[in-house]
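Residue-level listing of the chains:
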2 protein chains.
Amino acid sequence: MRQTQLFTKTRKEAPADEVAKNAQLLIRAGFIHKEMAGVYTFLPLGVRVIQKIADIIRSEMNKIGGIETQSTALQSKEVWDKTRWSDDIVDNWFKTELKSGGVLGLAFTHEEPMAHMMKNFIASYKDLPAYPYDIRTVFRNEARAKSGIMRGREFFWKALYSFSQSQEEHDIFYQNITDAYIRIFNAVGIGDKTFLTFASGGTFSKYSHEFQTLSDAGEDIIYVDRSSHQAVNQEVYTDEVLADLGLDREKLEQHKSIEVGNIFSLGYKFSEPLELTYTDQDGRAQLVYMGSYGIGISRLMGTVAEVLHDERGLVWPESIAPYRVHLLSLGSDDAATVLYDMLVQRGIEVLFDDRDVRAGEKFADADLMGLPHRIVVSQKSLDAGGYEYKARTSDTPEIYTQDVLLARLTQ
Amino acid sequence: MRQTQLFTKTRKEAPADEVAKNAQLLIRAGFIHKEMAGVYTFLPLGVRVIQKIADIIRSEMNKIGGIETQSTALQSKEVWDKTRWSDDIVDNWFKTELKSGGVLGLAFTHEEPMAHMMKNFIASYKDLPAYPYDIRTVFRNEARAKSGIMRGREFFWKALYSFSQSQEEHDIFYQNITDAYIRIFNAVGIGDKTFLTFASGGTFSKYSHEFQTLSDAGEDIIYVDRSSHQAVNQEVYTDEVLADLGLDREKLEQHKSIEVGNIFSLGYKFSEPLELTYTDQDGRAQLVYMGSYGIGISRLMGTVAEVLHDERGLVWPESIAPYRVHLLSLGSDDAATVLYDMLVQRGIEVLFDDRDVRAGEKFADADLMGLPHRIVVSQKSLDAGGYEYKARTSDTPEIYTQDVLLARLTQ
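Reading guide: rules and limits
Residues numbered from 1 in each chain as written. Chains lettered and ligands numbered in written order. Predicted model: local features only at pLDDT ≥ 70, side-chain atom pairs only at ≥ 80, totals over all residues. Helix = DSSP H or I, 4+ residues; strand = E, 2+ residues; numbered from the N terminus. Rg over C-alpha atoms; globule rule 2.2 N^0.38 Å. Buried ≥ 20, exposed ≤ 12 C-beta atoms within 10 Å, placed from the backbone. Contact = placed C-beta atoms within 7 Å. Axes fitted to C-alpha atoms, helices over the stretch in contact; angles between N-to-C directions. Parallel < 35°, antiparallel > 145°, perpendicular 65-115°, else oblique. Left-handed = near helix turned anticlockwise from the far one by under 90°. Pairing = 2+ DSSP bridges. Nonpolar A, V, L, I, M, F, W, Y, C, P; charged D, E, K, R; others polar. pLDDT = per-residue confidence, 0-100. Expected span 1.5 Å × (residues − 1). Arc of directions from axis to C-beta. Core = buried A, V, L, I, M, F, W, Y, C linked by C-beta atoms within 7 Å. Least-squares fit on C-alpha atoms with pLDDT ≥ 70 in both. Domains from an automatic or database assignment.

1. Here's the deal with the overall build of chain A
- A tally of helices and strands in chain A yields 11 helices and 23 strands.
- Against the compact-globule benchmark of 22 Å for 411 residues, chain A has a radius of gyration of 24 Å, which places it among compact chains.
- Put simply, chain A has 411 residues, and 49% of those count as buried.
- For chain A, the share of sequence-separated contacts (at least 6 apart) that also reach a separation of at least 24 residues comes to 68%.

Rendered as structure tokens:
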């Protein structure tokens, strides 16, 4: 992509009302645009990050038997009436009126409609297990929205719902998706800072699990055991729990953290009121055992921005950078164009800064936007026999011949 | 994909309240699930069709300079107040209340927020043209919703917005996107039935253009000139217009049709109230010339279902079929599995009916689901030296050796 074709621009300052560091950086770098508090448009660079994160998650969900669906935003009162329709139970519903009469909800999650829909497809034990998942926008009517894209009123997420014959069948999948989540957080570059965390139990389990990433921008407090790479949420941080988990209070570190994923054993919480049953091998009707598993994709992008940046700007990992290479032409457009064409032809994703602006502006913008590899083509680099290369994480540019450069980018 | 892993099932009858043929077929074949009138969940097979259509459109938009963004569903009253906020102007807004106070809209289109956002990125003529586009869900509070996925209360679409320096610059893009639309409708298999149609003018042009596909399920009436492959909407079907366009009334055929795409020259309709200007080469402030261009992706899927089916079920074109091949094992699971693995390894998309059900049920379901190529593996086919092959559009099965089969599928 030529940067002159990218209509977005970097800016020196974020909007005055934007207090979250992730949104400040992402707005300044031209990845997102703030529509209102908690509501952000994803600009071309931001769309590419979101799509890459979504593709990593999609691939991991498919590996463990997940199968993609697309649920709806508009929600029927009838389906939710037996569970969570009331604003007294769920305090962040958005609701809206139908012209033809009646009230609809805007989905904040899909346990109820998924369980309701599966009544059409689950009859016998032969139809289980089933693991449908959505990658879509959901809505939460947050009273406050001050965390940028980490807690939006409208946000993009993946939610998988599991339908199993029994707790035993459920437990196997629960472990599989736990492992998939660990692979996902590793893949997006925050694995070392992200911990499987014990939190307060759901309806059917002593503890629930969540994935927490260490960051001062987080809203949670966790106690981390580095040796076993796990943690305990402050809400269950008692002697009894620590003994239960075999953790030594003396070895735990207190940190603020961001919840980047959760996994819930739901048991019969939704299948019972929604009457989702199957016929077992002996011909008896049984309730379906459910689970649900969420990852906020826009929140994950915000978390990476919080965790991976320096004083000059964003520092994207290769896996989710909008482009891998930022190619800067400093007055050597012909030579830069030849290199650009060659890299594109080799399938390398390049953002080519072909703008007619000062070198200092190009360097500052490249740092702010944070692509992993920066290449400068200038008379100086050409006279020195090649191109100036610098990784975003390094402070030392080097001159590479074309062969060395290609080897570096394809290693 | 093994069909036993696909949790959906075909059904003999659509829900009694479903009157649209497209939704009846798609529900029976397990592509969609009806949540309520005008609101449908896309099931795994449906998601694959939607994603393939979206990818075809994305590729064509990128070819003509489009660049993908992701606008928001939640809409600010402040941005729309100068144009179309009032329910007296737009009669199908969904609106919703913020817990923190105030009313938000649910986007039915994005001319206003796009123009408002572009004020951050358009300053001089150097910033133009720009062609952002969205592929996302939008909402329309339809009083009636009886057309299945062809007119949803919530639907998936592509919308591109063009920002140009002048009408001249705009006109060039307008022609480019017209050509792209023609390629898109050809690619999804309805090109021969789809006509560029003259309709009533917008604010800045004598006529507007829409793309209409011939179908008795359509809500429009058009007059088709086969020789020039264009048409005139009934709303502008006057002697004056026909003379203007050089069309001979005697040669036109009247048909019902479905509007599958539209292209609008907007001129200054939105840039003026939203004060979207740029500085021209002479330093003067000028209004930006806008256009907008929509294709309903879920509507297009519904249109293909309406236009391409027979008495046995759906008939997908190769380009957007959820899978290209339907492989049916009739009691020869081992041989079928070997073939399945080989086809998958060659990158061919196969749905493998490995269910333990009667042959008649497998044949009926294959016809209903409508994948382009059906392969049957049975003792009979193996004894005859291969596999039974039948195209969905043919009535004559043939026995193919493995080599012939592979040649047929990779031609």
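After that view of the structure, there is still more to cover.
2. A look at the packing of helix α2 (residues 44-63) of chain A against helix α7 (residues 297-307) of chain A
Residue and element names in this part refer to chain A.
- Where α2 contacts α7, the axes come no closer than 10 Å and their chain directions differ by 115°. As far as their axial angle goes, α7 and α2 are roughly perpendicular. Between α2 and α7 lies a crossing of right-handed hand. Residues V49, I50, I53, A54 and I57 of α2 pack against I297, S298, L300 and M301 of α7.

3. Notes on the sheet that holds strand β23 (residues 398-400) of chain B
Residue and element names in this part refer to chain B.
- Reading across the sheet, the 5 strands line up as β20-β19-β21-β22-β23 and stay open at both edges, with mixed pairing between neighbours. Looking along the sheet, the strands with just one partner apiece sit at the ends: β20 (350-353) and β23. Neighbour-to-neighbour, the strand axes of the sheet open up by a mean angle of 30°, direction not taken into account.
- By the bridge criterion, 4 bridges tie strand β19 (residues 325-330) to β20 in an arrangement that is parallel. Across the sheet, L328 pairs through a bridge with D353, a residue of β20.
- Along the sheet, helix α8 (residues 333-345) contacts β19, β20, β21 (373-378) and β22 (387-391); its crossing angle with β19, the most-contacted strand, is approximately 160°.
- Of the strands in this sheet, β19, β20 and β21 touch helix α9 (residues 359-369), which is tilted by about 175° from β19.

4. Focus: the interface of chain A and chain B
- With 45 residues of chain A at the interface, the matching set in chain B holds 44 residues.
- Breaking the side of chain A that touches chain B down by element, the ones donating at least two residues are β1 (32-36), β2 (39-42), α2, β3 (67-69), β4 (74-76), β5 (94-97), α4 (111-118) and β7 (132-139) of chain A.
- Of the residues contributing to the side of chain A that touches chain B, the split by class is 21 nonpolar, 16 polar and 8 charged.

5. A word on the confidence of the model for chain A
- Per-residue confidence for chain A gives a mean pLDDT of 96, with 99% of residues at or over 70.
- Predicted complex, confidence summary: ipTM 0.96, pTM 0.97.

6. Things to note about the environment of B:S215
Residue and element names in this part refer to chain B.
- By secondary structure assignment, the location of S215 is in the loop between β10 (207-214) and β11 (220-225).
- Classification of S215 by C-beta neighbours within 10 Å gives buried; the count is 22.
- Residues S215 and K256, spaced 41 residues apart in sequence, show a C-alpha to C-alpha distance of 5.7 Å.
- Sequence-distant contacts of S215, that is, excluding residues within four places in its chain, are made with K256, S257, I258, T303, E306 and V307.

7. Details of helix α5 (residues 167-187) of chain A
Residue and element names in this part refer to chain A.
- In a regular helix each residue adds 1.5 Å, so 21 residues correspond to 30 Å; α5 covers 30 Å between its end C-alpha atoms and thus fits that length.
- Every buried residue of α5 is accounted for by H170, F173, Y174, I177, A180, Y181, I184 and F185. Along α5, the residues classed as buried sweep out an arc of 130° about the axis, all on the same side. Seen from the buried face of α5, the exposed residues on the opposite side, beyond 90 degrees, are E168, I172 and Q175.
- For α5, the secondary structure elements touched by its buried residues are α2, β8 (154-164), β9 (194-200), β10 (207-214), β13 (253-267) and β16 (289-296).
- G189 occupies a position one or two residues after α5 and carries a positive phi of about 95°.

8. Things to note about the nonpolar core
- Ranked by internal contacts, the top residues of the largest apolar core, which has 212 residues, are A:I53 and B:I53.
- Setting aside chain neighbours within four positions, we find B:I53 in contact with B:V188, B:I297, B:L300, B:M301 and B:I320.

9. Section: the packing of helix α2 (residues 44-63) of chain B against helix α5 (residues 167-187) of chain B
Residue and element names in this part refer to chain B.
- At a closest axis distance of 10 Å, the pairing of α2 and α5 adopts a crossing angle of 160°. The angle between the axes of α2 and α5 places the two elements in the roughly antiparallel class. Crossing of α2 against α5: the hand is right-handed. Across the interface between the two elements, I56, I57, E60, M61 and K63 of α2 pack against A180, R183, I184 and A187 of α5.
- Classifying every residue of the contact of α2 with α5 by side-chain character gives 6 nonpolar, no polar and 3 charged.

10. What to know about the relation of the copies chain A and chain B
- When chain A is fitted to chain B, the best match, at an RMSD of 0.0 Å, comes from turning it 180° and sliding it 0.0 Å along the axis. Taken together, the rotation and translation describe the operation of a two-fold axis. In terms of proximity to the rotation axis, the leading residue of chain A is A:T96, whose C-alpha is 2.5 Å off the axis.
- Most of the interface of chain A is mirrored in chain B, where 98% of its interface residues again form contacts.

11. Some details on the domain arrangement of chain A
Residue and element names in this part refer to chain A.
- With domains assigned, chain A is organised as domain 1 (3-310) and domain 2 (323-409).
- Domain 1 and domain 2 are separated by 38 Å when their C-alpha centres are compared.
- Taken together, the contact pairs 5 residues of domain 1 with 8 residues of domain 2.
- Broken down by class, the residue content of the side of domain 1 that touches domain 2 amounts to 1 nonpolar, 3 polar and 1 charged.

12. Topic: the sheet that holds strand β22 (residues 387-391) of chain A
Residue and element names in this part refer to chain A.
- Across the sheet, 5 strands lie side by side as β20-β19-β21-β22-β23; this open sheet has mixed pairing. At either end of the open sheet lies a strand with only one pairing partner, and these are β20 (350-353) and β23 (398-400). With direction set aside, neighbouring strand axes in the sheet form an average angle of 30°.
- Packed onto the sheet, helix α8 (residues 333-345) meets β19 (325-330), β20, β21 (373-378) and β22 and runs at close to 160° relative to β19.
- Lying over the sheet, helix α9 (residues 359-369) contacts β19, β20 and β21, oriented at roughly 175° with respect to β19.

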